[in-house]
Amino acid sequence: VTHGWHTRRAMKVFDQAVARSGGGIALTAAPMGLARDDSTDVLRWLPSTAGFTDTRNALREYLALWVGA
């Protein structure tokens, strides 16, 4: 179980670990934290610290994938 924005890279690492150990284990991703509020409140469109955190996390994950981490 990992956060949804980290699932792709986490699965890559776990797949590599399973391959090194000889295989035989089936992996299933269980991402958490991807659900969003469905309210249509106008304030949702304003910048927030949560939005900046989500952006930073997404950029960090794409950078890590790009450099091969």
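The structure reproduced in this document is the subject of the present report. Since the model is a prediction, treat every value here as computed from it, not as a measurement.

Quick notes on the pattern of salt bridges
No. 1: Within the structure shown, the criterion is met by 1 salt bridge.
No. 2: With a closest N to O distance of 2.8 Å, Arg9 and Glu61 form a salt bridge. Placement of Arg9 in helix H1 (residues 7-20) and of Glu61 in helix H2 (residues 49-67) is noted, with a sequence separation of 52 residues between them.
No. 3: Classification of Glu61 as buried rests on a relative accessible area of 5%.

Considerations on H2
No. 1: Counted at 1.5 Å a residue, the expected span for H2 with its 19 residues is 27 Å, and the 27 Å between its end C-alpha atoms agrees.
No. 2: Residues of H2 that are buried make contact with H1.
No. 3: Downstream of H2 by a residue or two, Gly68 has a phi angle that is positive, lying close to 90°.

Brief notes about a nonpolar patch on the surface
No. 1: Judged by side-chain polarity, Phe14, Ile25 and Leu27 come together as a nonpolar surface patch covering roughly 290 Å² of accessible area.
No. 2: By the secondary structure assignment, Phe14 is in helix H1.

Focus on H1
In an α-helix there are 3.6 residues to a turn, and that puts residues three or four apart on one side.
No. 1: Here H1 spans 20 Å end to end across 14 residues, near enough to the 20 Å set by a 1.5 Å rise per residue.
No. 2: Listed as buried for H1 are Thr7, Arg9, Ala10 and Val18.
No. 3: Packing partners of the buried residues in H1 comprise strand S1 (2-3), strand S2 (31-32) and H2.
No. 4: Directly after H1, the chain includes Gly22, whose backbone phi takes a positive value near 105°.

Scoring rules and cut-offs
- Residues numbered from 1 in each chain as written.
- Predicted model: local features only at pLDDT ≥ 70, side-chain atom pairs only at ≥ 80, totals over all residues.
- Heavy atoms only, no water.
- Salt bridge = Lys/Arg side-chain N within 4 Å of Asp/Glu carboxyl O.
- Helix = DSSP H or I, 4+ residues; strand = E, 2+ residues; numbered from the N terminus.
- Buried < 20%, exposed > 50% of the residue type's maximum accessible area, 1.4 Å probe, protein only.
- Expected span 1.5 Å × (residues − 1).
- Contact = heavy atoms within 4.5 Å.
- Patch = residues over 30% accessible without salt bridge, like charges linked within 9 Å, V, L, I, M, F, W, Y side chains within 5 Å.
- Areas by Shrake-Rupley, 256 points an atom, 1.4 Å probe, with all protein chains shown as cover.

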